[in-house]
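Each chain, written out:
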Amino acid sequence: MTEAILLVGGKGTRLRPLTVHTPKPMVPAAGVPFLTHQLARARAAGVEHIVLATSYLAEVFEPYFGDGSALGLHIEYVTEEEPLGTGGAIRNVASRLHSGPDEPVLIFNGDILTGLDIRALVRTHEATGADVSLHLTKVTDPRAYGLVPTDDDGRVLAFLEKPQTPEEIVTDQINAGAYVFRRSVIDTIPAGRVVSVERETFPGLLAAGAHLQGMVDSTYWLDLGTPAAFVRGSADLVLGRAPSPAVPGRCGDRLVLPTATVAPDAKLAGGTVVGEGAFVAEGARVFGSTILPGAVIEPGAVVTDSLIGTRARVGERSVLTGTVIGDGAVIGARNELREGVRVWCDARIPADAVRFSPDL
């Protein structure tokens, strides 16, 4: 049996206000909590037992997923009373693992949308006899990431902090947030304190002569840590660009959940999702956006690359581009909100209050 740990304890501060009431892995992407996609892909790869390492709003997870049987999984939950970092969270759930000392344990970060071939990563780990194997991906601009150079056989040579100068960019390979640990290695992580696998565990293992193996898989990969990335990831799931067996419907230009209502002349495109109980009125146009359950898009509104929170309302003829509207917020008629704007939960913007253009 292959088992896994999913790290889902982060506060998701970069995603606020989406994460004010909802932990980041539970924010809906393509109609279901994002975590559902990760669990479904793990199950499709042969994983049977998953431990969720929770912390922030930990009480939300178990009522939704239960014991995991609906997904063909056995799910357990371990909550950190105080955040322990990635390494500390892994060590904190070690007692729930069933694997023997030399068996592989998969570990995933809870905010990465990826097309990783999970079985191939496990095969690489076993074939090379590695202590830890890492999924690496290549990026065009690696300056925002830690670099992971490898030799010709894929063995990790170093873990380098974010490069500051062109000379420091020695590779375009970065840590993509999925690992296979030899079970016994997990027990070497210090217990009961904050530990970062990226800054402490991996460099320490390398310095001690451990075998760390990298596997480059440059299929779809996206860090969903920002609102813009989250909206794009949801749209890519709907469009079929990002693979997931958990999308509740056929891939295409739009995904309308069963109890949602969309006016016949409203236009939806670009991977737009309309959640349960949401309403898109006549003449509205919605492109590449996520409309969460119970939200209302009033007549003639135009919403592009945005996320509209649960029970939020976008007023008549308002134009939103690249924005995030928190749960329960109300955008009055004929407002214009542009890239980067975040409207907090339950906020009220009166009609005709915000405008970039002279007229709408």
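What counts, and at which threshold
- Residues numbered from 1 in each chain as written.
- Predicted model: local features only at pLDDT ≥ 70, side-chain atom pairs only at ≥ 80, totals over all residues.
- Heavy atoms only, no water.
- Helix = DSSP H or I, 4+ residues; strand = E, 2+ residues; numbered from the N terminus.
- Rg over C-alpha atoms; globule rule 2.2 N^0.38 Å.
- Buried < 20%, exposed > 50% of the residue type's maximum accessible area, 1.4 Å probe, protein only.
- Lys, Arg positive; Asp, Glu negative; His and termini not counted.
- Charge placed at Lys NZ, Arg CZ, Asp CG, Glu CD.
- Phe/Tyr/Trp six-rings, centres within 6.5 Å; stacked < 30°, edge-to-face > 60°.
- Pairing = 2+ DSSP bridges.
- Salt bridge = Lys/Arg side-chain N within 4 Å of Asp/Glu carboxyl O.
- Contact = heavy atoms within 4.5 Å.
- Core = buried A, V, L, I, M, F, W, Y, C linked by side-chain atoms within 4.5 Å.
- Domains from an automatic or database assignment.
- Buried area = accessible area lost by both parts, 1.4 Å probe.
- Polar contact = N/O pair within 3.5 Å; in protein donor to acceptor, adjacent residues only side chain to side chain.
- Nonpolar A, V, L, I, M, F, W, Y, C, P; charged D, E, K, R; others polar.

**Side note on the overall build of the chain**
Looking only at helices and strands, the chain has 7 helices and 28 strands in total. Relative to its length of 360 residues, the chain is compact, with a C-alpha radius of gyration of 22 Å against a globular reference of 21 Å. Summarising its shape, the C-alpha atoms of the chain cover approximately 65 × 50 × 35 Å along the three principal directions. Counting only residues that meet the buried cut, the chain has 56% of its 360 residues in that class. With 32 positive and 42 negative side-chain charges, the chain shows a spacing of 5 Å between the two charge centroids.

**Description of the packing of aromatic side chains**
Scanning the entire structure with this criterion turns up 7 aromatic pairs. Where phenylalanine 34 meets phenylalanine 230, the ring centres are 6.5 Å apart and the plane angle is 65°; that geometry is what we call edge-to-face. With phenylalanine 34 in helix H1 (residues 34–44) and phenylalanine 230 in helix H7 (residues 227–239), this pair connects stretches of sequence that are 196 residues apart. Classification of phenylalanine 230 as buried rests on a relative accessible area of 1%.

**A word on the sheet that holds strand E23 (residues 319–321)**
Spatial strand order, E14-E17-E20-E23-E26: 5 strands in an open sheet with parallel pairing. At either end of the open sheet lies a strand with only one pairing partner, and these are strand E14 (267–269) and strand E26 (336–337). As paired strands, E14 and strand E17 (residues 285–287) are joined by 3 bridges and run parallel to one another. Counterpart to leucine 268 in the pairing with E17 is valine 286.

**A word on the sheet that holds strand E24 (residues 324–325)**
Adjacent strands of a sheet form backbone hydrogen bonds with each other and so pair up, either parallel or antiparallel. Across the sheet, which stays open at both edges, the 6 strands sit in the order E12-E15-E18-E21-E24-E27 with parallel pairing between neighbours. Pairing within the sheet leaves two strands with one partner each, and these edge strands are strand E12 (254–256) and strand E27 (342–343). Of the pairings in the sheet, the one linking E12 to strand E15 (residues 272–274) comprises 3 bridges and is parallel in character. Pairing of leucine 255 across the sheet is with valine 273, part of E15.

**Focus: the pattern of salt bridges**
According to the stated counting rule, one finds 13 salt bridges in the structure shown. The salt bridge involving aspartate 111 is made with lysine 24; its shortest N-O contact spans 2.9 Å. Placement of the pair is aspartate 111 in the loop between strand E6 (104–109) and strand E7 (112–114) and lysine 24 in the loop between strand E1 (2–7) and strand E2 (28–29), with a sequence separation of 87 residues. The same class applies to aspartate 111 and to lysine 24, which are both buried. Arginine 183 is the partner of aspartate 187 in a salt bridge, and the nearest nitrogen-oxygen pair spans 2.8 Å. Assessed through its relative accessible area of 41%, aspartate 187 is described here as partly exposed. In this structure arginine 183 comes out as buried when scored by relative accessible area, which is 10%. Each of Asp102, Asp131 and Arg182 takes part in a single network of salt bridges with overlapping partners.

**Let's talk about the environment of phenylalanine 108**
Within the fold, phenylalanine 108 resides in strand E6. The exposure class of phenylalanine 108 is buried, given its relative accessible area of 12%. Measuring from C-alpha to C-alpha, the distance between phenylalanine 108 and alanine 42 comes to 9.6 Å, with 66 residues separating the pair along the chain. The residues touching phenylalanine 108, leaving out its near neighbours within four places in the chain, are Ala4, Ile5, Leu6, Leu7, Ile118, Gly177 and Ala178.

**Considering helix H3 (residues 85–92)**
Those residues of H3 that fall on the buried side of the exposure criterion are Gly87, Gly88, Ala89 and Ile90. Where H3 is buried, its residues meet E1, strand E4 (47–54), E6, helix H5 (183–186) and helix H6 (197–207).

**Brief notes about the nonpolar core**
Ranked by size, the top nonpolar core spans 29 residues in total, and within it Ile5, Leu134, Phe181, Ile186, Phe202 and Leu212 carry the most contacts. Listing elements by their share of this core, those giving two or more residues are E1, E4, H3, E6, strand E8 (132–138), strand E9 (173–182), H5 and H6. Residues contacting leucine 212, with those up to four places away along its chain left out, are Val132, Leu134, Gly154, Arg155, Val156, Phe159, Phe202, Leu205 and Leu206. Grouped together as the second largest cluster of nonpolar side chains are 26 residues, Val8, Leu39, Ile50 and Ile118 included.

**As for the domain arrangement of the chain**
Each assigned domain of the chain is listed with its residue range as follows: domain 1 (3–223) and domain 2 (253–349). Computed from C-alpha atoms alone, the centre-to-centre distance between domain 1 and domain 2 is 33 Å. Taken together, the contact pairs 11 residues of domain 1 with 13 residues of domain 2. At the boundary of domain 1 with domain 2, total buried surface from both sides reaches about 930 Å², with 71% on carbon and sulfur atoms. Counting the surface domain 1 buries against domain 2, the share from its top three residues, Pro17, Leu18 and Pro28, is 48%. Connecting domain 1 to domain 2 are 0 salt bridges. Between domain 1 and domain 2 we count 2 residue pairs in polar contact (both at pLDDT 80 or more) in total. Class assignment for the residues of the side of domain 1 that touches domain 2 results in 6 nonpolar, 3 polar and 2 charged.

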